[in-house]
Structure formats: structure tokens, C-alpha cells
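Chain and residue survey
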Amino acid sequence: MKRARLPLTALRAFESAGRLGGFSRAAEELYVSQAAISRQIRELESLIGQPLFTRIHRGVELTEKGRALLADVTLSFDRIDAALADAGQQLAGSVKVSAEPTFAALWLAPHIQEFRHLHPEIDVEIDADPRLAEFRGGGLDLAVRHSRGETRWARVESNRLMQTRSRPVMTKDFIDRHHIASAADLALHPLLHEESRSGWSDWFRIVGVEPPAEKGTVFADGGMALQAALRGHGAALFDPRMIDGELVSGALVAPFNRECDCGAYFIVARSFAALSPAARAFADWIEAAFDEV
């Protein structure tokens, strides 16, 4: 197999699960979900053509082939760790990332400590900026941008991170105060908008409700719209994966399951092949984080 096609993410998931003796422990070590670990290992087993783990009650255990592969993979990773330690000065450094304000506030800020845990030697500078990224002068390494259609950004390379799908979210108190039981009820009450009012019109059309007259507060980014929604000022449209903390805690609820497609987030660079070791480490981390999404 050519090195460019090596399933490194799957091998990392397998090595962690085999070494630690379980998928849940591997998920904790790699800061991903247990489902993501399971999927990566299934893909590796499919590539190899035979099982690496035997599923047992409340756990897994390595097969004979799995034990043999684990020994080789662990040794290889140990050698890579040693090589990186010897070349630590090459990886150490900083990376400057420009991210759209909504992504920076709702996803990057809550998760950046995970990258710092994995790479404490790398300093990260985050610039929240909605404008088209400029990579001139060497000041910017990577950008995260949103696009509603296919990207046609000139003179840069981009990789898709996550397709975004939005649904209404609001506080339980907001629902009770306005007696909201249907999408038609929601159309009669305050709506919060990010950048423009088109998102809500798209959602109401999907659920078969005549979009209300364009009204309600428009915020420059999702972080401000989120704060307004948390204070019960209205209903807002969000991708649930971007505000999972608020939904899990019950601070916000998503009473309607219907979602509207609203584009995708992309990671952007002048040239991924020319990234510094620090920027490459950041790009690998954020792409792996969205690999399960």
C-alpha cells in the first residue's frame, strides 16, 4: 500500500483501543466518540479482510491477527514518538488560524484545549474574521470558512469539514410562555437571525409553513444569536452539533426535528503540502475531530 493511502487515523484508533483494552478508553484518549473509534476499526478490518477484535459481553478482545498487528503498530508509533521528540524543535512553534466568528465562538473555543492537550508545545492564535482569508506575508497558516455552495476560492486549497444542518432551538421557558406546539405557532413569535433572515424562510418552507414577514433581530454572528436565545429572547437556528453543550445541559431545547441544509464548513490553506509542522498538526487534529460528523 502506498504511504499516501495508509489509514493513519484508523491505525491510531486501533492502536489506542488495543493498548488500552477497550473502545471507550481509546475514545477518551483521542478525544473522539466511542462510535468514531468503532467505525475506524471496522474500516480497518474491512481493509485487512479479517477481524481484529472479538466482540464480547461489555467489551472487546484482540484476535490473534489483532495482537500481531498491535505489536507492529505500537512499535511503529513508539518509533515515530521518539523521532518527533528528537525533532521537537521542528514541531514546536505557533499556528495562526482565522475562523469565522460563529465557528470560532461555538466550536473552536470550547474544543481548543483538546488540541493543547495533544500538542502543548504549539501555541495557537485564533482570529475571528468573516472575510475571505488572505495568506499573503506568511502571517496566516489556516482558515475555517463557511460556504453555502461549492467553493470557488481562488489561489487556495480547501477540505470539507462538516455539512451544516440547522433546526430551531430555544429555551423551555420561551416555549411555555408562547405556547409553542407547532411550526405554525413558532412563526407568530420572535425569531433570531444570524447575518440575514433567509435561514428562517428556508426552514419554514421545508416544514410546509408560510414564512412569516421578515422581522426580528439580525446578529452579525452566531455567538451573539446564541446568547440572545439563552436569555429567552427568541428562537434561533443552529446546527445541534455546534451547541451540543447547551442542548445536553437543557439550557436550550430543539423541539422540531426537521432540519434545513445551510452549507458547509471548510478548512482552507494556501497549500496543505507546504504547511509548517505545527500547522499540519492543527489541520490533522481538526479534520480528525470532524471525521465522525
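Below or above, wherever it landed, is the structure these notes cover. Model, not experiment: these values are computed from the prediction.

Scanning the protein from terminus to terminus reveals 12 helices and 10 strands. Taken along its principal axes, the extent of the C-alpha atoms in the protein is 65 × 55 × 30 Å. Scored against the burial criterion, the 293 residues of the protein give a buried share of 43%. Split by element, the accessible area of the protein, about 15800 Å² in all, is 50% carbon and sulfur.

Another aspect to go through is the pairing of strand S2 (residues 59-62). Residues Val60 and Leu62 of S2 are buried on one face, while the alternating residues Gly59 and Glu61, pointing to the opposite face, are not. Looking at chain direction, strand S1 (residues 53-56) and S2 are connected through 4 bridges and run antiparallel. Bridging from a neighbouring strand, Phe53 pairs with Leu62 of S2. Counted along the chain from S1 to the antiparallel partner S2, the turn is 2 residues long, and its residue Arg58 has a positive phi close to 60°.

This paragraph deals with the side chain of Arg145. Along the polypeptide, Arg145 turns up in strand S5 (residues 142-147). Although Arg145 is buried, it forms no salt bridge, and the closest oppositely charged side chain is Glu100 at an N-O distance of 4.7 Å. In this structure the side chain of Arg145 is engaged in a polar contact, spanning 2.7 Å, whose partner is the side chain of Ser98.

In this structure, Phe103, Trp107, Leu142, Phe282 and Ile286 are the most contacted members of the largest nonpolar core, which totals 41 residues. Of all the secondary-structure elements, those providing two or more residues to this core are strand S3 (93-99), helix H6 (101-118), S5, strand S6 (157-169), helix H10 (222-230), strand S9 (236-238), strand S10 (260-269) and helix H12 (277-289). When residues of this core are assigned to their parent elements, the largest contribution, 8 residues, is made by H12. Setting aside anything within four residues of it in sequence, one finds Trp107 in contact with Thr102, Met242, Trp285, Ile286, Ala289 and Phe290. Residues Leu11, Phe23, Leu30 and Leu52 belong to the second largest nonpolar core, which totals 18 residues.

What follows deals with the packing of H6 against H12. The geometry of H6 relative to H12 is characterised by a closest axis approach of 11 Å and an angle of 115° between their N-to-C directions. Like other packed secondary-structure pairs, H6 and H12 cross with a definite hand, here right-handed. The segment H6 lies against H12, with Phe103, Trp107, Leu108, His111, Ile112, Glu114, Phe115 and Leu118 engaging Ala281, Phe282, Trp285, Ile286 and Ala289. Considered class by class, the residues forming the contact of H6 with H12 number 11 nonpolar, 1 polar and 1 charged.

The subject of this paragraph is unusual backbone geometry. For Tyr31, which is not glycine, the phi dihedral falls at a positive 60°. Exposure remark for Tyr31: the relative accessible area of 34% places this residue in the partly exposed category. Of note, His179 is a non-glycine position whose phi angle comes to about 55°, a positive value. Along the polypeptide, His179 turns up in the loop between helix H7 (172-178) and helix H8 (183-186). Note on His179: relative accessible area 64%, which makes it exposed.

Turning to the packing of helix H2 (residues 23-30) against helix H3 (residues 34-48), a few remarks are in order. Contact geometry for H2 and H3: axes closest at 8 Å, N-to-C directions at 110°. The orientation of H2 with respect to H3, classified from their angle, is roughly perpendicular. Each of Phe23, Ser24, Ala26, Ala27 and Leu30 in H2 lies in contact with H3, whose residues at this interface are Gln34, Ile37, Ser38 and Ile41. Split into classes, the residues belonging to the contact of H2 with H3 amount to 6 nonpolar, 3 polar and no charged.

This next bit is on the environment of Ala273. Checked against the element boundaries, Ala273 lands in the loop between S10 and H12. Each C-alpha atom of the pair Ala273 and Ala13 lies 24 Å from the other, and the pair is 260 residues apart in sequence.

Reading guide: rules and limits
Residues numbered from 1 in each chain as written. Predicted model: local features only at pLDDT ≥ 70, side-chain atom pairs only at ≥ 80, totals over all residues. Heavy atoms only, no water. Helix = DSSP H or I, 4+ residues; strand = E, 2+ residues; numbered from the N terminus. Buried < 20%, exposed > 50% of the residue type's maximum accessible area, 1.4 Å probe, protein only. Areas by Shrake-Rupley, 256 points an atom, 1.4 Å probe, with all protein chains shown as cover. Pairing = 2+ DSSP bridges. Lys, Arg positive; Asp, Glu negative; His and termini not counted. Salt bridge = Lys/Arg side-chain N within 4 Å of Asp/Glu carboxyl O. Polar contact = N/O pair within 3.5 Å; in protein donor to acceptor, adjacent residues only side chain to side chain. Core = buried A, V, L, I, M, F, W, Y, C linked by side-chain atoms within 4.5 Å. Contact = heavy atoms within 4.5 Å. Axes fitted to C-alpha atoms, helices over the stretch in contact; angles between N-to-C directions. Left-handed = near helix turned anticlockwise from the far one by under 90°. Nonpolar A, V, L, I, M, F, W, Y, C, P; charged D, E, K, R; others polar. Parallel < 35°, antiparallel > 145°, perpendicular 65-115°, else oblique.

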